[in-house]
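Fold and contact review
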Amino acid sequence: MHHRVLQFRLYDFAAKRRLLSVRRCGSNTKVSLDEKDLPAKWYNITADLPQPPPPPLDPRSLEPLKAEGMGALFPQELIRQEMSSDRYIGIPDEVLEVYKLWRPTPLFRAKRLERLLETPARIYYKYEGVSPAGSHKPNTAVPQAFYNAKEGIKRLTTETGAGQWGSALAFACSIFNLDCEVWQVRASYDQKPHRKTMMETWGAKVYPSPSAITATGRKMLAEDPNCPGSLGLAISEAVEVAVQDSSTHYALGSVLNHVLLHQTVIGEECLLQLAKAGETDVDILIGCTGGGSNFGGLAFPFLREKFAGKMNPVIRAVEPAACPSLTRGVYAYDYGDTAGFTPLMKMHTLGHDFIPDPIHAGGLRYHGMAPLISHLYNLKLMEAIAIPQKECFQGALQFARSEGIIPAPEPTHAIAATIREAERCRESGEAKVIVMALCGHGHFDLASYEKFLSGEIEDLDYSDEKAAAAMASIPVVKQ
Ligand SMILES: *Cc1c(COP(=O)(O)O)cnc(C)c1O
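Described below are features of the structure shown in this document. (Residues numbered from 1 in each chain as written. Predicted model: local features only at pLDDT ≥ 70, side-chain atom pairs only at ≥ 80, totals over all residues. Heavy atoms only, no water.)

1. Description of unusual backbone geometry
Going from Arg103 to Pro104, the amide bond is cis rather than trans, its omega being -10°. Checked against the element boundaries, Pro104 lands in the loop between α3 (93–99) and β4 (107–109). Although it is not a glycine, Glu118 sits at a positive phi angle of roughly 50°. In this structure Glu118 comes out as exposed when scored by relative accessible area, which is 60%. Despite not being glycine, Lys380 shows a phi value in the positive range, around 60°. Considering the arrangement of structural elements, one finds Lys380 in the loop between α14 (371–378) and β14 (383–387). (Helix = DSSP H or I, 4+ residues; strand = E, 2+ residues; numbered from the N terminus. Buried < 20%, exposed > 50% of the residue type's maximum accessible area, 1.4 Å probe, protein only.)

Set out below in structure tokens:
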């Protein structure tokens, strides 16, 4: 009798523990902030760097670019921000009002993924897929549209790869009553028709790039009528149109200092959320890098804390093996676009006429890396790795089947790197705190998932011949 009671109790206890673990998993995994906790300022990391990054150069004189040299493309306030070394820049009320549609964004503790991986690591992810366009891009599209509208500009042109940036700018232009024209890389224009419809729903005009509208596009089409396009080429087309009309400006969704500045709302919120979750230290921060904006947006406020001696996280960028600008590129002055219209920027680059293989993470198919990120990498304040796409999709399935969210193909690179780290923790028994940027959802990328699920996705390598040819296009700039 006594024995039976004991057994019952033991059984009961186990059942309770199971219940508790289910419940523990269900609650406290989301760290929300109130609207009043929305950051009022963007953080400019330039103010805290041990050395300033090398300046952009005028492509003709090779002298440091002056503010006037950018006036044809950008409004004065964005040029000021691009060159500023003020530590903080206030976010205008009009921009905050729009941010409030989706910000603050949630931080999640990935408890189900942790259990799936049987890791003692504590994994957090900051989710930017809750914005109207489904990624972090509206964080900069909204202020860019605002400053242009405020200075009387009527139309913005831009490029888009996977369609994320084009959608974000189309959304922002619709809010501030600007016309918006988008050159979408041909390969994704054909692969992802719904992104185009999304941009058109917000009122934008969308052209495949290369297009017959610009001289650059016509030249490319004459050489290769089936050219799949590239981000560098689409930038040339959008810039060509913008410089011809004084009421038209151009907007860039990554790479530039002011873009990374606007994205720091991600890291600022994340610091508050981690404190709220009782985490005082972070061991490692992980983000995917195309041009470096979602990664910089998360990492820069943490770097500020690191410079102040308050924490010491490893900061790890993850890029696709097929487009490895940090891990295989050179650190040199190069153009931001294929035709060579843009200023020369000192950056990690694969060469401005490098056309990356058509991997599914369209947003990571860019030949260069943000000058700020390149500079930090060169100063060894961060590290980088490259991962092939099959491992990324594998990680995405583990993530979707434990955490529920279907990630965009770009952040699957961050997920794969996070899983690698969590598995190392399982081996070593270390309970590291890992924070990852989940910069967008994959609802418009289901064709890629379909291919992966049916076994059709290949790893595309960065080939040495292709690399050597593109590297030869990097201009020689004496320093
Ligand atoms: C554009 C985009 C990227 C790449 O750009 P970064 O500037 O490196 O952030 C990555 N992920 C998503 C979801 C994007 O839309």
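2. Considerations on the sheet that holds strand β15 (residues 433–438)
Backbone hydrogen bonds are what pair the strands of a sheet, in a parallel or an antiparallel way. If you walk across this open sheet you meet the 7 strands as β1-β4-β5-β15-β10-β11-β14, and the pairing is mixed. Taken across any chain shown, the strands that pair with only one partner, and hence form the sheet edges, are β1 (30–31) and β14. Across the sheet, helix α15 (residues 389–403) lies against β4, β5 (122–127), β14 and β15, angled at about 95° from β14, the strand it touches most. (Pairing = 2+ DSSP bridges. Contact = heavy atoms within 4.5 Å. Axes fitted to C-alpha atoms, helices over the stretch in contact; angles between N-to-C directions.)

3. Some thoughts on the pattern of salt bridges
Enumeration according to the criterion identifies 27 salt bridges in this entry. The salt bridge involving Arg155 is made with Asp245; its shortest N-O contact spans 3.5 Å. Taken together, the positions of Arg155 in strand β6 (residues 155–160) and Asp245 in the loop between α10 (231–243) and β9 (248–250) put the pair 90 residues apart, joining distant regions of the chain. A residue is classified by how much of its surface remains accessible, and Arg155, at 18% relative accessible area, is buried. Owing to a relative accessible area of 27%, Asp245 belongs among the partly exposed residues under this scheme. With its nearest N and O atoms 3.8 Å apart, the salt bridge here joins Glu305 to Lys310. (Salt bridge = Lys/Arg side-chain N within 4 Å of Asp/Glu carboxyl O.)

4. A look at the site of the ligand
In the region of the ligand, 16 residues are neighbours, and Lys137, Ser254, Gly290, Ser293 and Asn294 sit closest. Residue Gly292 places a main-chain N or O atom 2.8 Å away from an oxygen atom belonging to the ligand. The protein chains hide 97% of the 380 Å² of surface that the ligand would expose on its own. Of the residues assigned to the shell around the ligand, the class counts are 3 nonpolar, 11 polar and 2 charged. (Near = heavy atom within 4 Å. Polar contact = N/O pair within 3.5 Å; in protein donor to acceptor, adjacent residues only side chain to side chain. Areas by Shrake-Rupley, 256 points an atom, 1.4 Å probe, with all protein chains shown as cover. Nonpolar A, V, L, I, M, F, W, Y, C, P; charged D, E, K, R; others polar.)

5. Concerning empty space enclosed by the protein
A probe as big as a water molecule, rolled over the atoms, marks out the empty space that is left. Inspection of every chain in the model, using the stated rule, returns 5 cavities of 30 Å³ or more. As for the largest cavity, its lining consists of 31 residues, of which Lys137, Leu231, Ser254, Gly291 and Gly363 are closest to the centre. Only β6, α6 (164–175), α10 and α12 (293–307) provide two or more residues apiece to the lining of the largest cavity. Partitioning the lining of the largest cavity into residue classes produces 12 nonpolar, 16 polar and 3 charged. Of the residues that make up the lining of the largest cavity, three or more belong to each of domain 1 (72–90 + 137–250) and domain 2 (102–134 + 258–471). Estimates place the volume of the second largest cavity at around 100 Å³. (1 Å grid on protein atoms, 1.4 Å probe; cavity = no way out; pocket = protein on both sides within 12 Å on 5 of 7 lines; lining within 4 Å. Points joined across faces, edges and corners; volume = space filled by probe spheres on them. Domains from an automatic or database assignment.)

6. Concerning the layout of surface pockets
Volume-wise, the largest pocket comes out at about 740 Å³. Considering the residues around the largest pocket, the lining is formed by 37 residues, among which Pro56, Leu65, Met70, Pro343 and Met345 are closest to the centre. Listing elements by their share of the lining of the largest pocket, those giving two or more residues are α2 (76–83), α10, β13 (344–349) and α14. The element contributing the most residues to the lining of the largest pocket is α10, with 3 residues. Among the residues forming the lining of the largest pocket, the class breakdown is 26 nonpolar, 7 polar and 4 charged.

7. Regarding α10
Residues lying three or four places apart along an α-helix face the same way, a consequence of the helix completing one turn every 3.6 residues. Taking 1.5 Å of rise per residue, the 13 residues of α10 would be expected to cover 18 Å, and the 18 Å separating its terminal C-alpha atoms lies within 8% of that figure. Those residues of α10 that sit buried are Leu231, Gly232, Leu233, Ala234, Ile235, Ser236, Glu237, Ala238, Val239, Glu240, Val241 and Ala242. Buried residues in α10 make contact with β6, β7 (179–185), β8 (205–209), α9 (215–223) and β9. (Expected span 1.5 Å × (residues − 1).)

8. Regarding the side chain of Asp58
Mapped onto the elements of the fold, Asp58 is located in the loop between β2 (41–43) and α2. Here Asp58 sits buried without a salt bridge, and the closest side chain of opposite charge, Arg60, lies 4.1 Å off (N-O distance). Those residues in contact with Asp58 that lie beyond four places of it in its chain are Glu63, Pro64 and Leu65. (Lys, Arg positive; Asp, Glu negative; His and termini not counted.)

9. Section: the environment of Pro52
Structurally, Pro52 is set in the loop between β2 and α2. In this structure the C-alpha to C-alpha distance between Pro52 and Pro64, which are 12 residues apart in sequence, comes to 13 Å.

10. Some thoughts on the nonpolar core
In terms of nonpolar packing, the biggest core is built from 58 residues, with Tyr250, Phe300, Phe302, Ile373 and Val435 touching the most fellow members. When contributions to this core are tallied by element, the ones reaching two or more residues are β7, α10, α11 (257–276), α12, β11 (314–320), β13, α14 and β15. Among the elements that make up this core, the one with the highest residue count is α10 (7 residues). Taken domain by domain, this core gets at least three of its residues from each of domain 1 (72–90 + 137–250) and domain 2 (102–134 + 258–471). If near-sequence neighbours (up to four positions away) are discounted, Ile373 is found in contact with Leu260, Gly292, Phe295, Gly296, Phe300, Leu326 and Met382. Core analysis: the second largest hydrophobic core is formed by 36 residues, Ile91, Val95, Ala133 and Ala141 among them. (Core = buried A, V, L, I, M, F, W, Y, C linked by side-chain atoms within 4.5 Å.)

11. With respect to the side chain of Thr342
Within the secondary structure layout, Thr342 lies in the loop between β12 (330–335) and β13. A distance of 2.7 Å separates a polar atom in the side chain of Thr342 from the backbone nitrogen of Gly336. Those residues in contact with Thr342 that sit more than four places away from it in its chain are Pro59, Ile235, Tyr335, Gly336 and Asp337.

12. A closer look at the packing of α2 against α11
Where α2 meets α11, the closest approach of the two axes is 8 Å, and the angle between their N-to-C directions is 85°. Here α11 runs roughly perpendicular to α2, going by the angle between their axes. From α2, Leu78, Gln81 and Glu82 reach across to α11, where they touch Asn257, His258, Leu261 and His262. Of the residues in the contact of α2 with α11, the class split is 2 nonpolar, 4 polar and 1 charged. (Parallel < 35°, antiparallel > 145°, perpendicular 65-115°, else oblique.)

13. Looking at the environment of Leu233
Mapped onto the elements, Leu233 comes out in helix α10. With 28 residues separating them along the chain, Leu233 and Leu261 place their C-alpha atoms 25 Å apart. Other than its neighbours up to four places away in sequence, Leu233 contacts Ser209, Pro210, Thr216, Met220, Cys227 and Thr338.

The quantities given are spatial measurements derived from coordinates; they are silent on function.
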